[in-house]
Structure formats: structure tokens, C-alpha cells
Amino acid sequence: GDHKTEQGVDYYTINPKGAVPALELDDGQIITEVTAVQQYIVDVLKPNAQLLPPVGDIKRYRVIEALSFLSDMHRTYGALFGPNEDAKKEPREKLNKSYAIIDKALSQHAFFTGDHFTIADSFLFVVNRWAYMCGFDLSGYKHVLEFQKQVEARPKVQEALAANK
């Protein structure tokens with residue numbers, strides 16, 4: 001397929017993996033993979049945002065653990081976009097197991113890994129939006145739905161959603 005940027009550049013020259021995101025640094029280096037990009041942004045570009053606990057704090061590693069878990073869910077969603085309904089059964093089962101874990105966590109505290117919004121929550125918000133795009137039913141996950149509404153109401157999220165219309 002055609003993978004061109006808005007400027008007409010072949011995206012594979014930026015990221016040979018062809019996946020997004022890719023963050024180009026001032027020195028020309030490229031960082032890829034959502035979890036690496038998110039950690040770079042909060043550690044280097046926005047260190048005062050408090051979206052990732054400091055190195056050495058167990059809460060940081062809980063957030064990184066959640067990012068890995070969500071990356072796996074994100075990949076699982078890919079199978080739900082194909083036309084083969086039979087191929088969607090196993091991914092749906094896997095996602096339901098994952099959402100049961102997330103819903104339980106959100107029943108115990110305001111955000112996925114605790115009482116403070118982190119980069120894991122921003123990623124969870126995005127992953128949850130894939131459910132709407134591919135028809136995955138989240139109605140059985142009350143706390144996930146409440147979380148989604150809460151995060152969507154955040155002013156910066158509203159700005160980002162408006163910019164992506």
C-alpha cells in the first residue's frame with residue numbers, strides 16, 4: 001500500500017517497520033514504538049508533567065508493565081479489522097480477558113495503575129477507541145466506560161480529538 005506522509009515522503013524511509021508513531025529528534029534520530037515514544041516525551045520533553053513516576057519508584061514499573069500489556073491488546077485489535085469473522089473469535093476472547101483485568105483495576109482506583117493519570121491511561125484511552133472502530137463491545141465493562149468518559153472530558157484530550165477530525 002501507499003504509506004506517504006502529508007509531505008509526500010515514503011513513510012518506510014522514516015520507519016522501516018511501517019508502524020506509527022515515529023518521533024524525529026532535533027539531531028535526526030528516530031524513536032519508534034508507542035511505549036518508547038511516550039517514555040521519551042515524559043522523561044525528556046515534558047519531565048514536569050508527572051505522567052510517569054521517577055526511575056526507582058515501583059509505580060514507574062507498574063506503568064511500564066501496563067504499557068506492555070496495552071501494546072499486546074493493541075496488536076490483538078488488528079485481527080478484528082479483517083473480513084474473516086471466524087478469525088475474530090480468539091482475539092475477541094483475548095480482549096475480553098484483558099478488559100476484565102482492566103475493569104477490575106479501574107474498580108479499585110481512578111486510573112489504570114493507580115490514583116494519578118499516567119501515560120498508560122493515555123494509551124488505554126486510545127486502545128479503547130479501537131473498540132468503537134471495529135465493533136468490539138465494551139458494554140460489560142462499566143469501569144472502562146466510566147474511565148473513557150472521564151478521560152475524554154479532559155481539556156487536552158478534547159484539543160487532541162478536535163485536531164484529529
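Heads up: these notes are all about the structure in this document.

Rules behind the numbers
Numbering of residues starts from 1 in every chain and runs along the sequence as written. In keeping with the predicted nature of the model, local features appear solely for residues at pLDDT of at least 70, side-chain atom pairs appear and are counted solely at 80 or more, and the whole-chain, interface and lining totals rest on all residues. The side-chain quantities take in all heavy atoms of the structure and omit both hydrogens and water. Per the convention used, a helix needs a DSSP run of H or I reaching at least four residues, while a strand needs a run of E reaching at least two, with both numbered from the N terminus. Under the scheme applied here, a residue whose accessible area is under 20% of the maximum for its type counts as buried, over 50% as exposed, and between as partly exposed, the area being computed with a 1.4 Å probe on protein chains only. Pairing of aromatic side chains requires ring centres within 6.5 Å, counting the rings of Phe and Tyr and the six-membered ring of Trp. Pairs whose planes differ by under 30 degrees are stacked, by over 60 edge-to-face, and all others tilted. To form a nonpolar core, buried Ala, Val, Leu, Ile, Met, Phe, Trp, Tyr and Cys residues must be joined to one another through side-chain atoms within 4.5 Å. Contacts are assigned to residue pairs that have any heavy atoms within 4.5 Å of one another. Angles here are taken between N-to-C directions and fall from 0 to 180 degrees, while the axes themselves are lines fitted to C-alpha atoms, restricted in helices to the stretch in contact. Angle categories: roughly parallel below 35 degrees, roughly antiparallel above 145, roughly perpendicular from 65 to 115, and oblique for all the rest. Should the near helix be turned anticlockwise from the far one by less than a right angle, the crossing is termed left-handed; should it be turned clockwise, right-handed. Any residue outside Ala, Val, Leu, Ile, Met, Phe, Trp, Tyr, Cys, Pro, Asp, Glu, Lys and Arg is labelled polar, Gly included; the first ten of those are nonpolar and the last four are charged. Using a 1 Å grid laid over the protein atoms alone, points where a 1.4 Å probe fits but cannot get out form a cavity; open sets with protein on both sides within 12 Å along at least 5 of 7 lines form a pocket; any residue with an atom within 4 Å of a point counts as lining. Grid points are joined across faces, edges and corners, and a volume is the space filled by probe spheres set on the points.

### A few points about unusual backbone geometry
Alright, step 1. Between V20 and the following residue, P21, the backbone shows a cis peptide bond with an omega angle of 5°.
Alright, step 2. With respect to the helices, strands and loops of the structure, P21 is situated in the loop between α1 (11-14) and β1 (22-24).
Alright, step 3. One non-glycine residue, E33, lies in positive phi territory at about 80°.
Alright, step 4. Along the chain, E33 turns up in the loop between β2 (30-32) and α2 (34-45).
Alright, step 5. Judged by its relative accessible area of 38%, E33 falls in the partly exposed class.
Alright, step 6. You will see that Q50, though not glycine, has its phi angle at about 55°, which is positive.
Alright, step 7. As for its placement among the helices and strands, Q50 is situated in the loop between α2 and α3 (58-78).
Alright, step 8. Taking the relative accessible area as the measure of exposure, Q50 reaches 68% and is therefore exposed.

### Some words on the packing of aromatic side chains
Alright, step 1. Tallied over the full model, the rule gives seven aromatic pairs.
Alright, step 2. Here the aromatic rings of F69 and F112 are separated by 6.2 Å at their centres, their planes lie at 45°, and the arrangement is tilted. Of the two residues, F69 is situated in helix α3 and F112 in the loop between α4 (89-108) and α5 (119-134); the sequence distance between them amounts to 43 residues.
Alright, step 3. F69 gets classed as partly exposed once you look at its relative accessible area, which sits at 25%.
Alright, step 4. Judged by its relative accessible area of 9%, F112 falls in the buried class.

### A short note on the nonpolar core
Taken as a class, soluble globular proteins show a tendency for nonpolar side chains to be buried jointly.
Alright, step 1. Formed by 33 residues in total, the largest nonpolar core has its most connected members in Y77, Y99, I102 and F136.
Alright, step 2. Those elements giving two or more residues to this core turn out to be α3, α4, α5, α6 (142-152) and α7 (155-163).
Alright, step 3. When residues in this core are grouped by element, the largest group, eight residues, is from α5.
Alright, step 4. In this structure Y77 touches L95, Y99, V127, W130, A131, C134 and F136, once residues within four positions along its chain are discounted.

### Details of the packing of α4 against α6
Alright, step 1. At a minimum axis distance of 7 Å, the contact between α4 and α6 shows a crossing angle of 70°. Compared by their axis directions, α4 and α6 come out roughly perpendicular. Considering the relative orientation of α4 and α6, their crossing is left-handed. Touching Y99, I102, D103, L106 and S107 of α4 are K142, H143, V144 and F147, all from α6.
Alright, step 2. In terms of residue class, the contact of α4 with α6 is built from five nonpolar, two polar and two charged.

### So, the layout of surface pockets
Alright, step 1. Approximately 1,400 Å³ is the volume found for the largest pocket.
Alright, step 2. Taken together, 33 residues form the lining of the largest pocket, with V34, Q38, S122, F123 and V126 sitting closest to its centre.
Alright, step 3. Secondary-structure elements contributing two or more residues to the lining of the largest pocket are α2, α3, α5 and α7.
Alright, step 4. For the lining of the largest pocket, the element with the highest residue contribution is α5, accounting for eight residues.
Alright, step 5. In the lining of the largest pocket, the residues fall into 20 nonpolar, seven polar and six charged.
Alright, step 6. For the second largest pocket, the calculated volume is near 370 Å³.
Alright, step 7. Lining the second largest pocket are 17 residues, and of these Q50, L51, L52, P53 and P54 lie nearest its centre.
Alright, step 8. Among the secondary structure elements, those contributing two or more residues to the lining of the second largest pocket are α2 and α3.

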